[in-house]
Amino acid sequence: MSAAVEYARQNAGRFLDELKALIRIPSISTLPEHKQDVNAAAEWLAAELNRIGMENVEVIHTPGHPLVYADWLHAEGKPTCLCYGHYDVQPPDPLDEWKSPPFEPTERDGNLYARGAVDDKGQMYMHLKALESLFKANSGKLPLNVRVLLEGEEEVGGEQIARFIREESDRLKSDFALVSDTEMFAPGLPTLCVGLRGMIYTEIEARGARTDLHSGMYGGAAPNPFFALAQVIAQLKDTAGRILIPGFYDKVEKPSDDELSAWAKLPFDENHYRETEVGSTRLTGEPGYSVLERTWARPTLDVHGMPGGFIGAGAKTVIPAKAVAKVSMRLVPHMTPQEAFEQYKSYVESLTPDGIQLEVRLIHSGDPIVVGTDNPYIQAATVAMKEIWNKETVFVRGGGSIPIVGDFERHLKIPTVMMGFGLPDDNLHAPNEKFHIGNFHRGIESIIVFFEKAGAIAG
Ligand code: BES
Ligand code: MN
Ligand code: MN
């Protein structure tokens with residue numbers, strides 16, 4: 001065992017305590033009232049990067065939430081890794097479904113429960129603890145060059161980091177990126193994620209009457225924007241689950257036969273998935289595709305909420321003047337957010353009911369990505385994972401989106417290793433989010449071994 005892994009094992013308890021302190025900062029990027037908390041999390045991380053021995057540590061203020069940058073570039077002739085993570089989290093609601101408070105990290109059954117435990121504070125922090133262990137075990141040196149870039153607005157689209165890597169790509173020159181923000185396919189099964197869906201997140205605003213109206217006095221004569229949205233939404237998909245936007249599927253690329261046959265060999269039990277993860281009576285979606293294909297390799301469309309009108313307790317007889325639907329679509333290679341949005345917007349507009357004005361807005365978007373597996377960094381990661389977990393590493397895709405990974409490929413022209421340690425039942429974005437504590441520690445060890453192996457690759 002390497003001295004760095006030894007150091008990580010000896011300091012495991014302290015590593016977890018530190019993570020708890022980070023998690024206690026409610027850095028919810030989408031809620032303006034938490035702006036100071038997002039800043040505080042950035043400052044906390046900058047201090048920690050300094051403490052472990054990183055250099056040029058900087059909290060980079062932006063028109064949005066800050067970025068945190070650090071580097072250590074003294075491993076001459078060795079490759080450079082760009083470590084990415086996000087320190088912002090999703091809102092914790094609905095609060096009454098949490099068994100322990102979302103920002104009071106609580107250990108139960110070998111798990112750490114809290115908002116951000118796995119997405120992504122716990123996973124991002126593994127990178128820092130792997131680096132600390134390597135510094136400590138090798139008299140202040142790393143086996144490769146490292147840049148760390150952390151963002152505070154991944155959960156709201158990642159606009160600032162996207163701009164930063166377009167404008168400052170010279171400052172980020174690296175050979176590969178490392179992202180720990182995905183899942184293992186099953187407990188104990190070492191997994192590398194090689195593809196993510198892209199997305200477009202939109203709002204449709206429907207306006208009818210000039211102002212809210214008494215539904216008794218005007219009902220029957222005045223248009224209702226909720227009804228209009230319901231009619232529009234009902235025409236976005238057929239009852240089997242196929243998206244009806246003209247041209248939407250034209251560019252969709254089928255996964256290779258090799259990939260499909262590898263997926264068919266993964267330990268996946270549809271009923272178990274339906275009962276324990278989804279918790280519904282039936283699964284829905286496009287006929288003719290497996291669940292893994294539907295969630296990894298096919299586009300989807302979902303409605304997230306319909307703000308407007310009266311949502312208080314009790315009853316109010318009102319015809320609201322306006323209503324909004326939040327609708328997103330997940331995209332797969334080779335769809336582009338621009339084209340998908342145009343197709344969607346013109347289709348929605350063509351469905352406008354009488355007496356209603358619709359406005360279709362793009363909130364944020366990100367490209368889909370599939371990374372090649374034939375590069376030495378993925379290979380080193382495959383071997384490192386196998387070494388720590390004692391099983392063959394599997395390659396999967398993820399149904400979620402991490403917009404910046406596409407930008408790493410397109411703008412920095414580097415491959416990304418997505419080495420994630422979440423589990424399928426970690427409740428990301430949901431009440432009772434958790435991180436398996438064993439995965440936190442084995443993850444740190446996996447990253448240490450990966451850095452050691454990557455350092456042996458010619459830079
Ligand atoms: N870590 C997730 C994405 C993810 C989860 C990828 C599981 C693969 C497996 C990330 O924090 C996330 O939630 N991203 C958002 C993207 C966004 C632009 C708001 C998402 O996927 O909804
Ligand atoms: Mn994440
Ligand atoms: Mn997330």
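Residues numbered from 1 in each chain as written. Chains lettered and ligands numbered in written order. Predicted model: local features only at pLDDT ≥ 70, side-chain atom pairs only at ≥ 80, totals over all residues. Heavy atoms only, no water.

### Topic: the coordination of the manganese ion (ligand 2)
Next up, step 1: Coordination of the manganese ion (ligand 2) by the protein is provided by His86 (NE2), Asp119 (OD), Asp181 (OD) and Asp181 (OD), with metal-donor distances spanning 2.0 to 2.3 Å.
Next up, step 2: One way to put it: the 6 donor atoms around the manganese ion (ligand 2) meet at angles of 58 to 163 degrees, and that makes the site irregular.
Next up, step 3: Read in sequence order, the donor residues coordinating the manganese ion (ligand 2) give the pattern H-x32-D-x61-D.
Next up, step 4: Classification of His86 by relative accessible area gives buried; the value is 0%.
Next up, step 5: Under the relative-accessibility criterion, Asp119 is labelled buried at 6%. (Donors = N, O, S within 2.8 Å, 3.2 Å for Na, K, Ca; no water. Tetrahedral: all angles 85-135°; square planar, octahedral: opposite > 155°, others 65-115°. Buried < 20%, exposed > 50% of the residue type's maximum accessible area, 1.4 Å probe, protein only.)

### What to know about the coordination of the manganese ion (ligand 3)
Next up, step 1: Within the protein, the atoms that donate to the manganese ion (ligand 3) are Asp119 (OD), Glu155 (OE), Glu155 (OE) and His429 (NE2), at distances of 2.0 to 2.6 Å.
Next up, step 2: Here the manganese ion (ligand 3) binds 6 donor atoms, and the angle range of 55 to 156 degrees at the metal identifies the geometry as irregular.
Next up, step 3: Sequence positions of the residues that donate to the manganese ion (ligand 3) give the spacing D-x35-E-x273-H.

### Some thoughts on the packing of helix H12 (residues 376-389) against helix H14 (residues 437-454)
Next up, step 1: For the pair H12 and H14, interaxial distance at closest approach is 8 Å and the crossing angle is 135 degrees. Taken together, the axes of H12 and H14 lie oblique to each other. Note on packing geometry: the crossing formed by H12 with H14 is right-handed. In contact with Tyr377, Ala380, Ala381, Val383, Ala384, Met385, Glu387, Ile388 and Trp389 of H12, H14 contributes Asn439, Arg442, Gly443, Glu445, Ser446, Val449, Phe450, Lys453 and Ala454.
Next up, step 2: Counted by class, the contact of H12 with H14 contains 11 nonpolar, 3 polar and 4 charged residues. (Axes fitted to C-alpha atoms, helices over the stretch in contact; angles between N-to-C directions. Helix = DSSP H or I, 4+ residues; strand = E, 2+ residues; numbered from the N terminus. Parallel < 35°, antiparallel > 145°, perpendicular 65-115°, else oblique. Left-handed = near helix turned anticlockwise from the far one by under 90°. Contact = heavy atoms within 4.5 Å. Nonpolar A, V, L, I, M, F, W, Y, C, P; charged D, E, K, R; others polar.)

### Quick notes on the nonpolar core
Next up, step 1: Grouped together as the largest cluster of nonpolar side chains are 105 residues, with contacts concentrated most on Met54, Phe408, Val417, Met419, Phe450 and Phe451.
Next up, step 2: The element best represented in this core is H14, accounting for 9 residues.
Next up, step 3: For Val417, the residues in contact, after removing those within four places along its chain, are Phe176, Ala177, Leu178, Val179, Leu192, Tyr377, Ile378, Ala381 and Phe450.
Next up, step 4: In this structure, Leu236, Phe248, Leu331 and Leu358 belong to the second largest nonpolar core, which totals 30 residues. (Core = buried A, V, L, I, M, F, W, Y, C linked by side-chain atoms within 4.5 Å.)

### Side note on the site of ligand 1
Next up, step 1: Surrounding ligand 1, one finds 16 residues, the nearest of these being Glu154, Asp181, Arg330, Ser401 and His429.
Next up, step 2: Between a nitrogen atom of ligand 1 and a side-chain N or O atom of Asp181, the distance comes to 2.9 Å.
Next up, step 3: Take Ser401: an N or O atom from its main chain is 2.8 Å from a nitrogen atom of ligand 1.
Next up, step 4: Here ligand 1 has 510 Å² of accessible area as a free molecule, and 90% of this is covered by the chains.
Next up, step 5: Taken together, the residues of the shell around ligand 1 break down into 5 nonpolar, 6 polar and 5 charged. (Near = heavy atom within 4 Å. Polar contact = N/O pair within 3.5 Å; in protein donor to acceptor, adjacent residues only side chain to side chain. Areas by Shrake-Rupley, 256 points an atom, 1.4 Å probe, with all protein chains shown as cover.)

### Focus on the pairing of strand S3 (residues 80-86)
Working note: regular strand, side chains alternate between the two faces of the sheet.
Next up, step 1: By the criterion of burial, S3 is predominantly enclosed, with 7 of the 7 residues buried.
Next up, step 2: Alignment of S3 against strand S6 (residues 145-151), held across 7 bridges, turns out to be parallel. Residue pairing across strands places Tyr84 opposite Leu149, the latter belonging to S6.
Next up, step 3: Strand direction decides the pairing type here: S3 and strand S7 (residues 176-179), joined by 4 bridges, are parallel. Its bridge partner lying in S7, Cys81 is registered against Phe176. (Pairing = 2+ DSSP bridges.)

### Considerations on the packing of aromatic side chains
Ring pairs (aromatic) are described by centroid distance and by the angle formed between their planes.
Next up, step 1: Counting across every chain of the model gives 15 aromatic pairs.
Next up, step 2: Where Trp44 meets Tyr125, the ring centres are 5.7 Å apart and the plane angle is 50 degrees; that geometry is what we call tilted. Taken together, the positions of Trp44 in helix H3 (residues 35-52) and Tyr125 in helix H4 (residues 121-137) put the pair 81 residues apart, joining distant regions of the chain.
Next up, step 3: According to the relative accessible area criterion, Trp44 is partly exposed, its value standing at 24%.
Next up, step 4: Under the relative-accessibility criterion, Tyr125 is labelled buried at 0%.
Next up, step 5: Ring centres of Phe185 and Trp296 lie 6.0 Å apart, and the angle between their planes is 75 degrees; this geometry places the pair in the edge-to-face category. (Phe/Tyr/Trp six-rings, centres within 6.5 Å; stacked < 30°, edge-to-face > 60°.)

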